[in-house]
Amino acid sequence: MIKTHNLTKIFPRSTVPALKEINLEIQDGEFVSLVGRSGSGKSTLLYLLSTLDTPSEGDVFYDDINVKMIPQEEIFKLRNKKIGFVFQFHYLLQELTAIENVLLPARKAKELSQRRELSLRLLDEVGLKGFENRYPSELSGGEQQRVAIARALIMEPTYLFADEPTGNLDSQNGQMIIDLFDKINREKGTTIIYVTHDKEFAARARRQISLADGALL
Ligand SMILES: Nc1ncnc2c1ncn2[C@@H]1O[C@H](COP(=O)(O)OP(=O)(O)OP(=O)(O)O)[C@@H](O)[C@H]1O
Ligand SMILES: [Mg+2]
C-alpha cells in the first residue's frame, strides 16, 4: 500500500506549491489513472509517489514505512526491483539497442540472463518484435516510448508509474499499451498508476484520481 500524508511540493523559484497537502491511499493491486490539466501537478505527484523526488513537506509511506526513514541503499533497491517508471519524456540510452535498453535494470540487478526471455516477450507485447537490435535513433518517438515501457516492466515491478505512456502513440498503439497494463494488473496484481490526457484511456482504469492546481478534486 502507498499512502501520502499532507504531501506538499514547492519548487525553488516558485511561489505557488505544485502540490499542496495531498492525502491519498493506493492499495496493492489498484489500477489507477491520474488526470488533470497541464501544470496541475500530475508528474510531480508521480515522482513523489515513486520516491524519485522528495517532498517539501509531508510524507510518503510504503506499507506504513515512511520513505524518509528508509536508508539510501534500500531506496535504490526498492527503485530497481519493485518500482517501474515510464518517464513523460522517455530517456533511452542512445548507445544501447532497444533490447539492451530494456535489459538495463536487469543488468544492474545482475539478472541479465534470467530476464532475456522476458525482454523479448515484452518487446513483442508492445508491438516491437523484430526491432530488438535497433538503436533509439533508428526508432520513431512512439517506438522509443514503447521500449521505455518494456524497460519499466522488465523487473516485474510491484508498482508501475507511467507518465503519459500513450502520449506519443496513435489510438491503436495506445490501446495496446493500456491492454498490456490491464493484463499485467490482473495477472500479476501489479499496482499501476498512469497519467493520461485521453479520456478513453483514463476510463480504462478502475479508479481515477483528478488533480487541479496541485490539489485532489
Ligand atoms: N523543476 C521545477 N521547478 C519549478 N517549477 C516546476 C518544476 N517542475 C514543475 N514545476 C511546476 O509545477 C507545476 C506542476 O508541474 P507538473 O509537471 O507536475 O504538471 P503536470 O500536471 O505533469 O503537467 P503536464 O500535463 O503538462 O505534464 C507546474 O506549475 C510547473 O510549472
Ligand atoms: Mg507532466
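Residues numbered from 1 in each chain as written. Chains lettered and ligands numbered in written order. Predicted model: local features only at pLDDT ≥ 70, side-chain atom pairs only at ≥ 80, totals over all residues.

## Observations regarding the overall build of the protein chain
What the protein chain contains, in helices and strands, is eight helices and 10 strands. On C-alpha atoms alone, the protein chain measures out to a radius of gyration of 17 Å, which is about the 17 Å that the 2.2 N^0.38 rule sets for 217 residues. Counting only C-alpha atoms and orienting by the principal axes, one finds that the protein chain spans roughly 45 × 40 × 35 Å. With 217 residues in all, the protein chain has 40% of them scored as buried. (Helix = DSSP H or I, 4+ residues; strand = E, 2+ residues; numbered from the N terminus. Rg over C-alpha atoms; globule rule 2.2 N^0.38 Å. Buried ≥ 20, exposed ≤ 12 C-beta atoms within 10 Å, placed from the backbone.)

## Comments concerning the site of ligand 1
Within the structure, ligand 1 sits among F11, S14, A18, G36, S38, G39, S40, G41, K42, S43, T44 and Q88. When grouped by side-chain class, the residues that make up the shell around ligand 1 number two nonpolar, nine polar and one charged. (Near = placed C-beta within 6 Å. Nonpolar A, V, L, I, M, F, W, Y, C, P; charged D, E, K, R; others polar.)

## Section: the nonpolar core
For soluble globular proteins, the rule of thumb is that nonpolar side chains tend to be buried together. One finds L34, V102, A150 and F161 to be the most contacted residues of the largest nonpolar core, which totals 54 residues. The element contributing the most residues to this core is helix 6 (residues 141-153), with six residues. In this structure A150 touches V102, S119, L122, L123 and V126, once residues within four positions along its chain are discounted. (Core = buried A, V, L, I, M, F, W, Y, C linked by C-beta atoms within 7 Å. Contact = placed C-beta atoms within 7 Å.)

## So, the sheet that holds strand 8 (residues 191-195)
Across the sheet, six strands lie side by side as 6-7-8-3-9-10; this open sheet has mixed pairing. Only two strands of the sheet have a single partner each, and these edge strands are strand 6 (83-86) and strand 10 (215-216). When strand 7 (residues 159-163) meets strand 8, the two strands line up parallel, connected through five bridges. Following the sheet pairing, Y159 is matched in strand 8 by T191. (Pairing = 2+ DSSP bridges.)

## What about the pairing of strand 8?
Burial within strand 8 is extensive, with five of its five residues counted as buried. Burial along strand 8 is two-sided: the face carrying T191, I193 and V195 and the face carrying I192 and Y194 are both buried. Bridge count for strand 3 (residues 31-35) against strand 8 is four bridges, and the pairing is parallel. For F31, the partnering residue across the bridge sits in strand 8 and is I192. A crossover connection joins strand 7 to the parallel strand 8 through helix 7 (residues 171-188); in handedness this β-α-β unit is right-handed. (Right-handed = clockwise from strand over helix to strand, strands pointing away.)

## Examining the pairing of strand 9 (residues 207-212)
Summarising the sheet, strand 3 and strand 9 pair through four bridges and their orientation is parallel. By the bridge assignment, V32 is partnered in strand 9 with R207. Bridging between strand 9 and strand 10 involves two bridges; their strand directions are antiparallel. If you follow A212 over to strand 10, its bridge partner there is A215. The antiparallel pairing of strand 9 with strand 10 creates a hairpin that spans two residues between the two strands, and D213 there sits at a positive phi of about 50°.

## Here we look at helix 7
Between its terminal C-alpha atoms helix 7 stretches 25 Å, which fits the 26 Å expected from 18 residues at 1.5 Å a residue. Within helix 7 the residues assigned to the buried category are I177, I178, F181 and I184. An end-on view of helix 7 places all buried positions within 120° of arc, on one side of the element. For helix 7, the exposed residues set more than 90 degrees away from the buried face come down to S171, Q172, D179, K183, R186 and E187. Buried residues in helix 7 make contact with helix 6, strand 8 and helix 8 (199-203). One or two steps after helix 7, the chain reaches G189, where phi turns positive at roughly 70°. (Expected span 1.5 Å × (residues − 1). Arc of directions from axis to C-beta.)

## Describing the environment of Q114
Mapped onto the fold, Q114 is located in helix 5 (residues 112-125). On the basis of neighbour counts, which here come to 10 C-beta atoms within 10 Å, the residue Q114 falls in the exposed class. As for Q114 and G84, which are separated by 30 residues in sequence, their C-alpha atoms are 18 Å apart.

## Structural notes on unusual backbone geometry
Phi is positive for K110, which is not a glycine, with a value near 55°. With respect to the element layout, K110 can be found in the loop between helix 4 (104-108) and helix 5. A residue is classified by how many C-beta atoms lie within 10 Å of it, and K110, with 8 of them, is exposed. Phi at E156 takes a positive value of approximately 50°, unusual for a residue other than glycine.

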